[in-house]
Amino acid sequence: MMLSSIFLGMIGPWQIALIVVIVLLLFGGKKIPELMRGLGSGIKEFKDASKEDEDPKIDEKK
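Calculation criteria
- Residues numbered from 1 in each chain as written.
- Predicted model: local features only at pLDDT ≥ 70, side-chain atom pairs only at ≥ 80, totals over all residues.
- Heavy atoms only, no water.
- Patch = residues over 30% accessible without salt bridge, like charges linked within 9 Å, V, L, I, M, F, W, Y side chains within 5 Å.
- Areas by Shrake-Rupley, 256 points an atom, 1.4 Å probe, with all protein chains shown as cover.
- Salt bridge = Lys/Arg side-chain N within 4 Å of Asp/Glu carboxyl O.
- Lys, Arg positive; Asp, Glu negative; His and termini not counted.
- Charge placed at Lys NZ, Arg CZ, Asp CG, Glu CD.
- Helix = DSSP H or I, 4+ residues; strand = E, 2+ residues; numbered from the N terminus.
- Buried < 20%, exposed > 50% of the residue type's maximum accessible area, 1.4 Å probe, protein only.
- Expected span 1.5 Å × (residues − 1).
- Contact = heavy atoms within 4.5 Å.
- pLDDT = per-residue confidence, 0-100.

1. Quick word on a negative patch on the surface
So, point 1. Judged by side-chain charge, Glu45, Asp48, Glu52 and Asp53 come together as a negatively charged surface patch.
So, point 2. For Asp48, the location among the structural elements is in helix H3 (residues 31–61).
So, point 3. Asp48 gets classed as partly exposed once you look at its relative accessible area, which sits at 37%.

2. What to know about a nonpolar patch on the surface
So, point 1. On the surface, a cluster of nonpolar side chains totalling about 930 Å² of accessible area is made up of Leu18, Ile19, Ile22, Val23, Leu26, Phe27, Leu35, Met36, Leu39 and Ile43.
So, point 2. Of the residues forming the nonpolar patch, the biggest block, 6 residues, is contributed by helix H2 (residues 13–27).
So, point 3. The residue Leu39 is located in helix H3 in this model.
So, point 4. Note on Leu39: relative accessible area 48%, which makes it partly exposed.

3. Observations regarding H2
An α-helical segment advances 3.6 residues per turn. Residues three or four places apart therefore align on the same side.
So, point 1. Here H2 contains 15 residues, and its C-alpha end-to-end distance of 21 Å stays within 8% of the 21 Å for a straight helix at 1.5 Å per residue.
So, point 2. Once H2 ends, the next one or two residues include Gly28, with phi positive near 85°.

4. Quick word on the environment of Val23
So, point 1. Of note, Val23 is situated in helix H2.
So, point 2. Ignoring any residue separated from it by four or fewer positions in sequence, one finds Val23 in contact with Gly28 and Ile32.

5. Some thoughts on the confidence of the model for the chain
Low pLDDT marks stretches whose predicted atomic positions should not be read closely.
So, point 1. The pLDDT averaged across the chain works out to 78; a share of 71% of its residues lies at or above 70.
So, point 2. Element-level pLDDT for the chain is lowest in helix H1 (residues 2–9), with a mean of 60, against a maximum mean of 88 in H2.

Have a look at this one:
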């Protein structure tokens, strides 16, 4: 736990800018929106699946 807080404390604006530049160089400007769209749809599917799992549990308690 302490190690992660130390690591996160060391990330500053210059490091974030460097990471963004590296990602742009690796994937290119056209590929990043496709990656973000895929990430967004994956998160949406995960939320929908977790809601489906919660509904039967609520009905069983009633």
